[in-house]
Amino acid sequence: AAARKKRGLRVVVVDPICTPAASKADEWVPIRPGTDAALMLAMINVLLNRLGIYDRDFIKKHTNGPYLVQPDGHYARQEGKPLVWDMAEGKAKPYDAEVKDYALEGSYPVGGSDCRPAFELLKEHVKKYTPEMAAEITTVPAATICRLAEEFGRAASIGSTITIDGAELPYRPVAANIYRGAGAHEHGVGAALGVQLLNMIV
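1. Structural notes on the nonpolar core
- Ranked by internal contacts, the top residues of the largest apolar core, which has 36 residues, are Met43, Leu48, Phe152 and Leu198.
- Among the secondary structure elements, those contributing two or more residues to this core are helix H3 (36-51), helix H5 (118-126), helix H7 (142-155) and helix H9 (188-201).
- With 10 residues, the top contributor of residues to this core is H3.
- With sequence-adjacent residues up to four places away left out, phenylalanine 152 is seen in contact with Met43, Leu47, Val174, Ala175, Ala176, Leu198, Asn199 and Val202.
- Formed by eight residues, the second largest nonpolar core is a distinct cluster that contains Ala76, Ala103, Tyr108 and Cys115.

2. Some words on the pattern of salt bridges
- Per the counting criterion, the structure on display carries 16 salt bridges.
- Between glutamate 27 and arginine 10 there is a salt bridge whose closest N-O contact spans 2.6 Å. With glutamate 27 in strand S2 (residues 27-29) and arginine 10 in the loop between helix H1 (2-6) and strand S1 (12-14), this pair connects stretches of sequence that are 17 residues apart.
- The class of glutamate 27 is buried, set by a relative accessible area of 15%.
- Given the relative accessible area of 43%, arginine 10 is considered partly exposed.

3. Here's the deal with the sheet that holds strand S8 (residues 113-117)
- Pairing within the open sheet is antiparallel, and its three strands lie in the order S3-S8-S7. Of all strands in the sheet, those with a lone pairing partner are strand S3 (68-69) and strand S7 (108-110), marking the two edges.
- With three bridges connecting them, S7 and S8 associate as antiparallel partners. Considered in S8, the bridge of tyrosine 108 is made with cysteine 115.
- Along the sheet face, H5 touches S3 and S8 and points at about 75° away from the line of S8.

4. Quick notes on the pairing of S8
- Pairing of S3 with S8 involves two bridges; the strand directions are antiparallel. What sits directly across from leucine 68, in S8, is proline 117.
- Hairpin connection, S7 to S8: the antiparallel pair is bridged by two residues, and glycine 111 has positive phi, about 60°.

5. Points about the packing of H3 against H9
- At a minimum axis separation of 8 Å, H3 and H9 run at an interaxial angle of 25°. Judged on the interaxial angle alone, H9 and H3 are roughly parallel. As for the relative orientation of H3 and H9, their crossing is left-handed in sense. Mapping the contact onto sequence places Asp36, Ala37, Met40, Met43, Ile44, Leu47 and Leu48 in H3 and Gly190, Ala191, Gly194, Val195, Leu197, Leu198 and Ile201 in H9.
- Taken together, the residues that form the contact of H3 with H9 break down as 11 nonpolar, two polar and one charged.

6. A closer look at the environment of alanine 103
- Here alanine 103 lies in the loop between strand S6 (91-94) and S7.
- Alanine 103 sits in the buried class, given a relative accessible area of 2%.
- In this structure the C-alpha to C-alpha distance between alanine 103 and isoleucine 178, which are 75 residues apart in sequence, comes to 31 Å.
- Residue contacts for alanine 103: discarding those within four places in its chain leaves Pro66, Trp85, Met87, Tyr108 and Pro117.

About the criteria used
- Residues numbered from 1 in each chain as written.
- Predicted model: local features only at pLDDT ≥ 70, side-chain atom pairs only at ≥ 80, totals over all residues.
- Heavy atoms only, no water.
- Core = buried A, V, L, I, M, F, W, Y, C linked by side-chain atoms within 4.5 Å.
- Buried < 20%, exposed > 50% of the residue type's maximum accessible area, 1.4 Å probe, protein only.
- Helix = DSSP H or I, 4+ residues; strand = E, 2+ residues; numbered from the N terminus.
- Contact = heavy atoms within 4.5 Å.
- Salt bridge = Lys/Arg side-chain N within 4 Å of Asp/Glu carboxyl O.
- Pairing = 2+ DSSP bridges.
- Axes fitted to C-alpha atoms, helices over the stretch in contact; angles between N-to-C directions.
- Parallel < 35°, antiparallel > 145°, perpendicular 65-115°, else oblique.
- Left-handed = near helix turned anticlockwise from the far one by under 90°.
- Nonpolar A, V, L, I, M, F, W, Y, C, P; charged D, E, K, R; others polar.

Below, the structure written as structure tokens:
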């Protein structure tokens, strides 16, 4: 990490106490113990709903974001396979069919129900996790939460690529990570899932 910092790596450590890692970071963000999930969800809300920063291509092709969800909360299925909506052809297809353009938002008629992509439901769900609400829970100021989300999203360089061993790959030079401190609390699984979701959307 020290060598990477010399090349411009920025390290932000979120921790209740100034640990050795926090003391060497570019920024230490103190937080109330056990409230990391609220911080993650608020950052995700800012990225998805305020800034519109997310990797649409990755979400379409490599996640369940396009899966159509019925009003009862279950996936719409055909022969057991979750369905997605192909925008180019204007119809529902199994997730593993050839799809020209996956829908991530909107409402689509499938089997007599209006179904919506899981990604749209995620965007809607995280709206309640405002930076202001998270600030009361975490003690991290709302302005700091918004800034961290924007810095993370901008640094992801969505749309850029890198060539490694002749293969062109997405270039996303950011990552959030979680260690035992955040994961050992009562809601540690939620915090860990929030961190992974933050990574996935960029």
